[in-house]
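# Overview (structure and organization)
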Amino acid sequence: MEEQNTELYLFDIEGTTTPIEFVHKVLFPYSVQNFQTFFSETSAETGFAEELILAAKNETDYAEEVTDSPESLTGFCKYLVSKDRKLGILKEIQGRIWKKGYESGELKSTIFSDVPPFLERIKNSGKRAAVYSSGSVEAQILIYRYCEAGDLTVYFESYFDTAVGGKKESSSYTKIAEKLSLSPNSIVFFTDIKEEADAASEAGIRPILLSRPGNHPQAEHKYQVIENFNKILV
């Protein structure tokens with residue numbers, strides 16, 4: 001399939017370029033195991049505690065009072081991970097923990113094998129690539145820098161996280177197009193979530209859904225579905 005009018009390919013990460021299993025069975029557990037150490041070592045950074053204590057007020061199902069102690073902050077962050085919350089402060093903390101893991105060699109990210117050659121084809125065609133994920137920009141860069149296929153950050157010009165807005169909100173995709181100085185209809189967005197595809201489509205961006213091993217079934221939709229990037233001609 002040829003994408004003649006496309007100028008930029010926008011990639012989600014989880015379930016698109018990276019297996020869901022890696023995120024949920026490697027990255028999330030690694031952060032959970034290291035929250036206590038992180039808060040013990042960064043006790044002087046009161047901003048983390050203040051933001052988490054504030055966030056706890058919106059978590060009415062969390063019974064414990066959240067204080068600035070490493071134990072209390074750790075317990076609350078573990079709860080947030082268990083609920084798959086997309087809080088910016090949680091993502092920033094996880095990003096810092098993962099950075100240490102990647103730099104020490106404890107972590108190495110898994111990328112689907114068809115991703116590097118596709119990124120190379122995009123680069124060789126003179127087209128552009130960017131990333132939009134709910135994980136922090138720092139965490140996104142780490143996934144692509146420290147992966148089994150080598151450093152893939154050379155292929156991406158921009159990274160976007162929920163600082164531009166939620167991934168199920170069309171305004172987020174409008175902002176991304178504006179920041180990239182592109183017309184929305186010149187962007188293709190790869191994702192594994194129908195609601196994200198809906199939001200991108202509403203903004204004028206063309207979504208393509210990935211059906212990868214381990215991805216969750218999606219409700220009925222009108223979008224193109226691919227199993228990998230091998231047949232996309234750039």
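Along each chain, residues carry numbers from 1 onward, in the same order as the chain's sequence is written. Totals for whole chains, interfaces and linings use every residue, but because this is a predicted model, local features are given only for residues with pLDDT of at least 70 and side-chain atom pairs only at 80 or more, for both listing and counting. Here the side-chain values reflect all heavy atoms present in the structure, with hydrogen atoms and water set aside.

### A short note on the overall build of the chain
To qualify as a helix, a DSSP run of H or I must reach at least 4 residues; to qualify as a strand, a run of E must reach at least 2; elements of each kind are numbered from the N terminus. Scanning the chain for helices and strands turns up eight helices and six strands. Reading the secondary structure of the chain in the N-to-C direction produces β-α-α-α-α-α-β-α-β-α-β-α-β-β. Taking 234 residues into account, the globule formula puts the C-alpha radius of gyration at 17 Å, and the chain, at 18 Å, falls close to it. Across its three principal directions, the C-alpha atoms of the chain cover 55 × 35 × 35 Å. Summary of the burial criterion: residues with accessible area below 20% of their type's maximum are buried, those above 50% are exposed, and those between are partly exposed, where the area comes from a 1.4 Å probe applied to protein chains only. Across the 234 residues that make up the chain, the buried fraction comes to 50%. Of all intrachain contacts in the chain linking residues separated by at least 6 positions in sequence, the fraction that spans at least 24 positions is 68%. Surface exposure here means Shrake-Rupley accessible area, sampled with a 1.4 Å probe, where a residue is shielded only by the protein chains that are shown. Of the roughly 11300 Å² of accessible surface on the chain, 47% is carried by carbon and sulfur atoms. Throughout, the radius of gyration refers to the C-alpha atoms, and the reference size of a globule is 2.2 Å times the residue count to the power 0.38. Note on contacts: a residue pair is in contact if any heavy atoms of the two residues lie within 4.5 Å.

### Focus: the layout of surface pockets
Its volume calculated, the largest pocket comes out at about 580 Å³. Points on a 1 Å grid over protein atoms alone make up a cavity when a 1.4 Å probe fits among them but cannot get out, and a pocket when they form an open set with protein on both sides within 12 Å along at least five of seven lines; lining residues each have an atom within 4 Å of a point. Lining the largest pocket are 28 residues, with Glu14, Asp84, Lys86, Ser134 and Glu196 positioned closest to its centre. Those elements that provide at least two residues to the lining of the largest pocket are helix H1 (20-41), helix H4 (88-104), helix H6 (137-145) and helix H8 (194-202). With five residues, H1 is the single largest residue contributor to the lining of the largest pocket. Grid points are joined across faces, edges and corners, and a volume is the space filled by probe spheres set on the points.

### A short note on the pattern of salt bridges
Whenever Lys or Arg places a side-chain nitrogen within 4 Å of a carboxyl oxygen from Asp or Glu, that contact is recorded as a salt bridge. Scanning the model with the defined rule gives eleven salt bridges in all. Residues glutamate 196 and lysine 167 are paired through a salt bridge, measuring 3.3 Å at the closest nitrogen-oxygen approach. Highlighted residues: glutamate 196 in helix H8 and lysine 167 in the loop between strand S3 (158-160) and helix H7 (170-179), separated in sequence by 29 residues. Of the two residues, glutamate 196 and lysine 167, neither departs from the other in class, the shared state being buried. Between aspartate 198 and lysine 194 there is a salt bridge, and its shortest N-O distance comes to 2.7 Å. On the criterion of helical spacing, the pair formed by aspartate 198 and lysine 194 is a turn pair, its members being four residues apart in helix H8.

### Quick look at the side chain of serine 134
Locating serine 134 in the fold gives a position in the loop between strand S2 (128-132) and H6. Accessibility expressed as a relative area gives 14% for serine 134, which makes it buried.

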